[in-house]
Amino acid sequence: MENLILIFISTILVNNLVLTYFLGICPFLGVSGKMESALGMGAAVTFVMTLATSISWLIYYLVLKRFGLIFLEYIVFILVIASLVQIVEMFIRKYSKNLYQSLGIYLPLITSNCAILGVALFMVVKDYSFLESIVFGFSGGIGFSLVLAIMAGIREDLEFAQVPSVFKGAPLTLIIAGILALIFMGFSGLGGG
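Residues numbered from 1 in each chain as written. Predicted model: local features only at pLDDT ≥ 70, side-chain atom pairs only at ≥ 80, totals over all residues. Heavy atoms only, no water.

Trainee: Residues and numbers for the packing of aromatic side chains, please.
Mentor: Enumeration over the complete set of coordinates arrives at nine aromatic pairs. When the ring of Y21 is compared with that of F122, the centres are 4.9 Å apart and the planes differ by 50 degrees; the resulting orientation is tilted. Separated by 101 residues along the polypeptide, Y21 in the loop between α1 (2-14) and α2 (25-31) and F122 in helix α6 (residues 114-125) bring together distant segments of the chain. Taking relative accessible area as the criterion, Y21 reaches 33% and is therefore assigned partly exposed. What links up through ring pairs into an aromatic cluster is the set W57, Y60, Y61, F77 and F130. (Phe/Tyr/Trp six-rings, centres within 6.5 Å; stacked < 30°, edge-to-face > 60°. Helix = DSSP H or I, 4+ residues; strand = E, 2+ residues; numbered from the N terminus. Buried < 20%, exposed > 50% of the residue type's maximum accessible area, 1.4 Å probe, protein only.)

Below, the structure written as structure tokens:
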């Protein structure tokens, strides 16, 4: 149980996929303009990341590794992720038209979100058990959602700030992302691998 808590905390804070490994930067920068979009994207990514990790673990250990087909892991993991994203997209389109429109192109781009593929691949590299993989995938999504929400809150507040024109838009967004990465580096003393 202690190991699961360590995986959970370290994946959210110490080894945050966005701010430590720079995975998922495109949706992080693209959807973090409004809190509603950020929370919706965070929930969708967390759902897909958790399911993709658990399904990928099952396929990897029960099929690919058992039958010597490990060389297919990238293709299989991408197919799993793409299938799950299609399910999420259909669900959001049906039950939340506003969220579907606010996420726009970024919703189908979850398929190519390297943070989700990264979690599936890290799960294999770290040789996690099935339960550890589920916790790792879920906490990876929570960490992604956390930094997305923090960035959205900052960017919404900056709409009312007087910012020099040279910093408006992408330059200020990248500066904030860099500062957030430095802040999250402060958690590295908490441990976790």
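Trainee: How would you summarise the side chain of S139 if you had to cite specific residues and measurements?
Mentor: Tracing the sequence through the fold places S139 in helix α7 (residues 130-158). The exposure class of S139 is buried, given its relative accessible area of 0%. Side-chain polar atoms of S139 contact the backbone oxygen of F136, separated by 3.2 Å. Excluding anything up to four places from it in sequence, S139 contacts I7, F8, T11 and I12. (Polar contact = N/O pair within 3.5 Å; in protein donor to acceptor, adjacent residues only side chain to side chain. Contact = heavy atoms within 4.5 Å.)

Trainee: Got a sec to walk through unusual backbone geometry? Specific residues and values, please.
Mentor: The phi angle at F22 is positive, at roughly 60 degrees, despite the residue not being glycine. Here F22 lies in the loop between α1 and α2. A relative accessible area of 54% places F22 in the exposed class. A positive phi angle, close to 55 degrees, is found at D127, a residue other than glycine. Note on placement: D127 falls in the loop between α6 and α7.

Trainee: Which residues make up the side chain of S37, and what are the values?
Mentor: Here S37 shows up in helix α3 (residues 35-64). Residues contacting S37, with those up to four places away along its chain left out, are V31, S102 and L103.

Trainee: I'd like to hear about the pattern of salt bridges, residue by residue, with values.
Mentor: Counted by the stated rule, this structure contains two salt bridges. Among the ionic pairs, K34 bridges to E159, the shortest N-O distance being 2.9 Å. Here K34 is found in the loop between α2 and α3, whereas its partner E159 is found in the loop between α7 and α8 (170-185), with 125 residues between them in sequence. Judged by relative accessible area, E159 falls into the partly exposed class, the value being 46%. (Salt bridge = Lys/Arg side-chain N within 4 Å of Asp/Glu carboxyl O.)

Trainee: Give me the packing of α7 against α8: which residues, what numbers.
Mentor: It is the contact of α7 with α8, at a shortest axis distance of 11 Å, that shows an interaxial angle of 135 degrees. Between α7 and α8, the angle is such that the two are oblique. For the pair α7 and α8, the sense of crossing is right-handed. On α8, the residues touching L146, V147, I150, M151, I154, R155 and L158 of α7 are L172, T173, I176, A177, L180 and F184. Of the residues assigned to the contact of α7 with α8, the class counts are 11 nonpolar, one polar and one charged. (Axes fitted to C-alpha atoms, helices over the stretch in contact; angles between N-to-C directions. Parallel < 35°, antiparallel > 145°, perpendicular 65-115°, else oblique. Left-handed = near helix turned anticlockwise from the far one by under 90°. Nonpolar A, V, L, I, M, F, W, Y, C, P; charged D, E, K, R; others polar.)

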